[in-house]
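Below, each chain spelled out in residue letters.
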Amino acid sequence: MDAAGTGIIDLLLGILMVLLAGASLLLQQLFRSVMAFIGLGLVVAVAWARLGAVDIALAEAMIGSGITGALLLASLSRMARYEGKKSVDPDARAAGAASNRPGNEGRAGPKGIRWRGVTAAAVLVAAMALVFENVFPLPAPDGGIPDLVIRNLPASGVSNPVTAVLLNFRAYDTLLEIGVVLLAVLGMRAVGSHPQFDRSSHPEVVLAGFYRLVLPVLILFSAYMVWVGAKDPGGAFQAAALLAAGGIIGWMTGTNPLARGLPDTGLRMMVSAGFAVFLSLGVLFWIQSGMFLAFAPVTAGWSILAIEVLATISIALSLFVLFLGSSGYPPSARGIGPVPADREGG
Amino acid sequence: MIDISTGYAAMGLLLFAMGLLGLVLGRHPVRKILALNVMGTGTFLFLVAGAARYGLANPDPIPHAMVLTGIVVAVSATALGLALAGRIHPSRADTDASTPPEESGHGLD
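Residues numbered from 1 in each chain as written. Chains lettered and ligands numbered in written order. Predicted model: local features only at pLDDT ≥ 70, side-chain atom pairs only at ≥ 80, totals over all residues.

Caption draft 1: Main features of the overall build of chain A. When you go through chain A residue by residue, the secondary structure sums to 13 helices and 0 strands. Counting from the amino terminus, chain A carries its helices and strands in the arrangement α-α-α-α-α-α-α-α-α-α-α-α-α. Taken over 346 residues, chain A has a buried fraction of 41%. In chain A, the proportion of contacts linking residues at least 24 apart, taken out of those at least 6 apart, comes to 69%. (Helix = DSSP H or I, 4+ residues; strand = E, 2+ residues; numbered from the N terminus. Buried ≥ 20, exposed ≤ 12 C-beta atoms within 10 Å, placed from the backbone. Contact = placed C-beta atoms within 7 Å.)

Here you go:
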């Protein structure tokens, strides 16, 4: 199929994107901005599907929109909680009044800011036009890299080209990416989280029932995602996002899914398992074939599956721990999460 | 009629520019992090639009894989950024130096 033209739906998607992006940047209340951003993620997910990128559509809807949105909301509510508590003492109230309501920005500054904005916008538009002029429309090189991928697909151990690139041809990127996730967890741990937060002890009955129903489905579906990633859109990241979403819903019902049955060392090991196994397999193949991360075609399929399963567990736990960190929930005695406020003495 | 890949590439550039503006001009750290994410979305859109030049049935899988990686890295960075923002928040550091004095000066009265 040759590159298709844009249709009405693309036009609508484009308009929606600009409106939602504008709303997420301009709305006074940050809560509404975050809502607009979540909407933007969903609209963009449809655009991915339009562009034939179903893998990314899944990831965008789950991670870019869902998990990121949850992180932002959790963080906002923590800030609001803090300011609510703080406003009890008069000094703080005076300071708080200056920057109006929690989670809100102060009013946009006077003319200075607006002029700066206009100037910056003009410069940016010019720069973007220049980029656009020079980069698009580039002719698609004949065959080129996509052909190379398709030709070598049989040796990759999987039949979904995106998975083949992610976990075989450019496995280095993905290894480092899992490393970045791990680093974020470590960073979160180092930063700690401050105010002790009294989570509502009245879990929603309906939500709790929903959680009980939906959790097995999420687990099953994420296992399917990992498995199907070898030949169709899906894979570790999407699967991990589903599991993490399960954890977040569980948290909303008032249960910390990590609080039961998992010792701290176990949690730490599981958070780093994906990276560790990926790295050791890479080194193993290095010893075997003289090239880092060069999977042997015979065992590539199983290696990739092993990495994907462990990466799913690690990334899911990492995302959940990152969420807990953003929400400031002290996972008592869970070493990996943020440190409870009373322990850090602040 | 505009080519679909060109159209979405322009869209990606526009989102990137909007995000960059928000990043520079926004004052609340959460706003800045949001803006960074809008920039990321624009970048991803640009990359995937580029991949679609090969036709929608057989797009270039390499930008796709890069964008998938990017999405996960973005969410990690967002989480860490929010943790840092939460950390500096209580000290009122969320209103940066550009805060007009009439807004930050109340504490002195």
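Caption draft 2: The arrangement of the overall build of chain B in detail. When you go through chain B residue by residue, the secondary structure sums to 4 helices and 0 strands. Element order for chain B, N to C, with α for helix and β for strand: α-α-α-α. Across the 109 residues of chain B, 67% fall into the buried class. A separation of at least 24 residues holds for 53% of the contacts in chain B among residues at least 6 apart in sequence.

Caption draft 3: Summary view of the confidence of the model for chain A. Residues and elements named next belong to chain A. Model confidence for chain A is summarised by a mean pLDDT of 77, while 74% of its residues fall at 70 or above. A low-confidence stretch, residues 194-198 stays under pLDDT 50, and its non-local contacts, those more than four residues away or across chains, total 19 contacts. Below pLDDT 50 for its whole length, residues 330-346 participates in 42 contacts with residues either more than four positions away or in separate chains. (pLDDT = per-residue confidence, 0-100.)

Caption draft 4: Region of interest: the domain arrangement of chain A. Residue and element names in this part refer to chain A. With domains assigned, chain A is organised as domain 1 (1-107) and domain 2 (146-346). In this assembly, 16 residues from domain 1 lie in contact with 19 residues from domain 2. In terms of residue class, the side of domain 1 that touches domain 2 is built from 10 nonpolar, 2 polar and 4 charged. (Domains from an automatic or database assignment. Nonpolar A, V, L, I, M, F, W, Y, C, P; charged D, E, K, R; others polar.)

Caption draft 5: Molecular detail of the nonpolar core. Counting residues in each nonpolar core, the largest one holds 125 residues, and the members touching the most others are A:Ala240, A:Ala241, A:Ala244, A:Leu319, B:Leu45, B:Val48 and B:Leu68. Those residues in contact with A:Ala244, other than ones at most four positions away along the chain, are A:Ile67, A:Ala316, A:Leu319 and A:Phe320. (Core = buried A, V, L, I, M, F, W, Y, C linked by C-beta atoms within 7 Å.)

Caption draft 6: Structural view of unusual backbone geometry. One non-glycine residue with positive phi stands out, namely A:Leu293, at about 65°. On the neighbour-count criterion, A:Leu293 (22 C-beta atoms within 10 Å) is buried.

Caption draft 7: Region of the structure containing helix H1 (residues 4-25) of chain B. The end-to-end C-alpha distance of H1(B), which contains 22 residues, comes to 32 Å, matching closely the 32 Å that a straight helix rising 1.5 Å per residue would cover. Here H1(B) lies mainly inside the structure; 19 of its 22 residues are buried. (Expected span 1.5 Å × (residues − 1).)

Caption draft 8: Quick peek at the environment of A:Gly325. Assignment of secondary structure puts A:Gly325 in helix H12 (residues 297-327). For the pair A:Gly325 and A:Leu71, spaced 254 residues apart in sequence, the C-alpha separation works out to 8.9 Å.

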